[in-house]
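# Working through the structure, step by step
Listed below, chain by chain, are the residues.
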Amino acid sequence: GNFSLVIYDAGRREVKLISDRLGFRPLHFVQRDGRVIFGTELKAVCAADPGAKKIDETGLLELFSYGSAFMNRTWMDGYTRLAPATVMTIDEEGINTKTYWNYKYDEDAKTLNQKSYMSIYRTLLDRAVERNMKGTRRIGIFLSGGYDSRAVAASIRKQHLPIPAITFGDGSSRDIRFAAQLAEALGLDHHPLSGQGPYLQD
């Protein structure tokens, strides 16, 4: 799943910062005068950091060019993003980090034909979607006009339908039009929502 965790152990007098396997949920930190200041957003870390602020020009260039900085860099000098699948332990002895998971790619794996790859992908996607349909929680799906949400929606088994499908956008947008057509074809309970709805009011 997508997460970032902060665990404080009062007995051991330690804090653990933990990132998810792919680093989807950012957790930023900076070391300053024997302390570690952390937060899910850079502006939160900056607000709590008494030290001088300086822009990392390389990180800023990467952000403007590619939409994000590479690796664990940020656009603030000295400010770091916790690496994916990492547990950082902060205690009186200092800082220790360890990686709890690595993506493994088998270079020597047998090459399959396209039909076989499609069959394996279909099976894995079906299992992943079905795994998330279990339990007593209310289940819905964000449905856009993109391939990813369409693939997930089409993989929902019939016994779970109908479930609500929510699409954000203007009524004439591509996402709304495509999502409505797909929802009707699959038997989803479609709810298009615009940015002006009363549900956004306090």
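Structural data are supplied above this passage.
In this report, we go over the structure that sits alongside the text. Quick caveat, the model's predicted, so the values are computed rather than measured.

All right, on to the nonpolar core then. Judged by nonpolar contacts, the single largest core of 14 residues is most densely connected at I141, L143, A153, I156, I163 and L188. Going through the elements one at a time, α3 (114-131) and α5 (174-186) are the ones with two or more residues in this core. Counting residues per element, this core draws most heavily on α5, at four residues. Ignoring any residue separated from it by four or fewer positions in sequence, one finds L188 in contact with L143, A153, I156, L161, I163, A165 and A183. The next biggest cluster of nonpolar side chains, apart from the first, holds eight residues, and it includes V15, L27, F29 and I90.

Attention now goes to the sheet that holds strand β10 (residues 189-193). Pairing is parallel across the open sheet formed by three strands, whose spatial order is β8-β9-β10. Edge positions in the sheet fall to β8 (141-142) and β10, since each has one partner strand and no second. Two elements, strand β9 (residues 164-168) and β10, share five bridges in a ladder whose sense is parallel. Looking across to β10, one finds that A165 is bridged to H190. Contacts between α5 and the sheet are confined to β9 and β10, with β10 contributing the most and set at about 170 degrees to the helix.

As a further point, take unusual backbone geometry. For the peptide bond that leads from L161 to P162, omega is 0 degrees, which places it in the cis range. With respect to the secondary-structure elements, P162 resides in the loop between α4 (147-154) and β9. Even without a glycine there, the phi angle at M71 is positive, about 55 degrees. Topologically, M71 is positioned in the loop between α2 (57-66) and β5 (80-81).

All told, the structure shown has eight salt bridges when counted by the stated rule. With a closest N to O distance of 2.7 Å, D49 and R32 form a salt bridge. Here R32 lies in strand β3 (residues 28-32) and D49 lies in the loop between α1 (42-48) and α2, a separation of 17 residues in the sequence.

Conventions adopted
- Residues numbered from 1 in each chain as written.
- Predicted model: local features only at pLDDT ≥ 70, side-chain atom pairs only at ≥ 80, totals over all residues.
- Heavy atoms only, no water.
- Core = buried A, V, L, I, M, F, W, Y, C linked by side-chain atoms within 4.5 Å.
- Buried < 20%, exposed > 50% of the residue type's maximum accessible area, 1.4 Å probe, protein only.
- Helix = DSSP H or I, 4+ residues; strand = E, 2+ residues; numbered from the N terminus.
- Contact = heavy atoms within 4.5 Å.
- Pairing = 2+ DSSP bridges.
- Axes fitted to C-alpha atoms, helices over the stretch in contact; angles between N-to-C directions.
- Salt bridge = Lys/Arg side-chain N within 4 Å of Asp/Glu carboxyl O.

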